[in-house]
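Residues per chain are reported as follows:
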Amino acid sequence: MIANYQRSAHQLAQTLYNEGIRNQKVLDAIASTPRHLFVDSVLQHKSYQNTALPIGLGQTISQPFIVARMTELLLSYGLNQKVLEIGTGSGYQSAILAQCFDMVYSVERIKSLQWQARRRLQNLDLHNVKMKHGDGWKGWQANAPFDAIMLTAAPSEVPSALLDQLSVNGVLIAPIGEQQQYLTLIKRTTQGFSKDILEPVRFVPLVAGELL
Ligand code: SAH
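Thresholds, definitions, all that
Residues numbered from 1 in each chain as written. Predicted model: local features only at pLDDT ≥ 70, side-chain atom pairs only at ≥ 80, totals over all residues. Heavy atoms only, no water. Near = heavy atom within 4 Å. Polar contact = N/O pair within 3.5 Å; in protein donor to acceptor, adjacent residues only side chain to side chain. Areas by Shrake-Rupley, 256 points an atom, 1.4 Å probe, with all protein chains shown as cover. 1 Å grid on protein atoms, 1.4 Å probe; cavity = no way out; pocket = protein on both sides within 12 Å on 5 of 7 lines; lining within 4 Å. Sits in = over half its atoms within 2 Å of the grid points. Helix = DSSP H or I, 4+ residues; strand = E, 2+ residues; numbered from the N terminus. Phe/Tyr/Trp six-rings, centres within 6.5 Å; stacked < 30°, edge-to-face > 60°. Buried < 20%, exposed > 50% of the residue type's maximum accessible area, 1.4 Å probe, protein only. Lys NZ or Arg CZ within 6 Å of the ring centre and 35° of its normal. Core = buried A, V, L, I, M, F, W, Y, C linked by side-chain atoms within 4.5 Å. Contact = heavy atoms within 4.5 Å.

Quick look at the site of the ligand
And step 1. Looking at the ligand, there are 26 residues lining it, with Glu85, Ser90, Glu108, Gly136 and Val207 nearest.
And step 2. In the environment of the ligand, a nitrogen atom lies 3.1 Å from a nitrogen or oxygen atom belonging to the side chain of Asp135.
And step 3. Compared with its free state, where it exposes 580 Å², the ligand has 100% of that area covered by protein.
And step 4. Spatially, the ligand is embedded in the largest pocket.

So this is what it looks like as structure tokens:
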């Protein structure tokens, strides 16, 4: 299976197409990314299924459909230069973003996950991703503003620092809520912010507090 990952990854992209993903850059990125390298070896046989999987420390690698959906939504606004991801986790979403945006910045609060993710991206020669061990509630001020911001962990409301770090005409996508979460799209205009609430989703919480 692993020797044949291209075929499995291609089939996964086909599944996502069948489920409604249409952006060719996103589909190509899914088809060319070895997802089995982003999970523990005992879970590799499930790595090309369209499901979330545990990555340790109570965290998960997101379901491929939601990875593709959120990336496609951001790209639909026509901005593909700088994207900030909050919640690096396995690094799989970062790898997909790296193939769709010029520059990716990603923040993770658990150092061991951040290290593993960094190594994976280096091994895949994805050098346009900068990673930081830090608190995503604060974003990454030194590299702001961002054209696009994606949260892959759910806060109860959008952190205000992230809104501040969004460029004018930029767009932020995040799961928002506690028990019940909704995918939420926020667009910054010269007038302020507009908000669209999309479908229900399920992500791990965006943790407030100390770094691990
Ligand atoms: N994008 C990831 C999904 C990982 S799950 C992937 O493709 O694998 C969400 C991640 O958000 C977890 O790794 C978790 O540790 C991280 N996270 C939670 N709260 C955070 C915070 N306040 N700051 C930064 N990262 C956070």
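Here the narrative resumes, following the displayed structure.
Some remarks on unusual backbone geometry
And step 1. At the junction of Ala144 and Pro145, the peptide bond is cis and its omega measures out at 0 degrees in the coordinates.
And step 2. Considering the arrangement of structural elements, one finds Pro145 in the loop between β5 (129-133) and β6 (146-151).
And step 3. Positioned with a positive phi, Leu57 is a non-glycine residue whose angle comes to about 55 degrees.
And step 4. Note that Leu57 resides in the loop between β1 (53-56) and β2 (59-61).
And step 5. Even without being a glycine, Asn169 presents a positive backbone phi close to 80 degrees.
And step 6. Its place among the elements puts Asn169 in strand β7 (residues 166-176).

Some points on the packing of aromatic side chains
And step 1. Here the structure, examined in full by the defined rule, presents 3 aromatic pairs.
And step 2. Look at Phe38 and Tyr92: their rings are 5.6 Å apart centre to centre, the planes differ by 75 degrees, and that puts the pair in the edge-to-face class. Note that Phe38 is positioned in the loop between α2 (24-32) and β1 and Tyr92 in helix α4 (residues 92-98), a separation of 54 residues in sequence. When sorted by exposure, Phe38 lands in the same class as Tyr92, which is buried.
And step 3. With a centroid separation of 5.5 Å and an interplanar angle of 85 degrees, the aromatic rings of Tyr105 and Trp140 are classed as edge-to-face. Placement of Tyr105 in strand β4 (residues 103-108) and of Trp140 in the loop between β5 and β6 is noted, with a sequence separation of 35 residues between them.
And step 4. Relative accessible area serves as the criterion here: at 11%, Trp140 is assigned to the buried category.
And step 5. The structure contains a cluster of three or more aromatic residues connected by ring pairs, namely Tyr105, Trp140 and Phe146.
And step 6. Seen from the ring of Tyr17, Arg22 lies directly overhead, with NZ or CZ sitting 3.8 Å from the centre.
And step 7. Arg35 extends its terminal NZ or CZ atom over the ring of Tyr92, reaching a point 5.4 Å from the ring centre.

Points about the nonpolar core
And step 1. Residues Ile30, Leu74, Tyr92, Phe101 and Ile173 are the most contacted members of the largest nonpolar core, which totals 51 residues.
And step 2. Among the elements that take part in this core, helix α3 (residues 64-75) stands out by supplying 8 residues, more than any other.
And step 3. In this view, Leu74 contacts Leu79, Val83, Phe101, Ala148, Ile149, Met150, Val171 and Ile173; residues no more than four positions away in its chain are not counted.
And step 4. Counting 20 residues, the second-largest nonpolar core is a separate cluster that includes Ile86, Phe146, Leu151 and Leu163.

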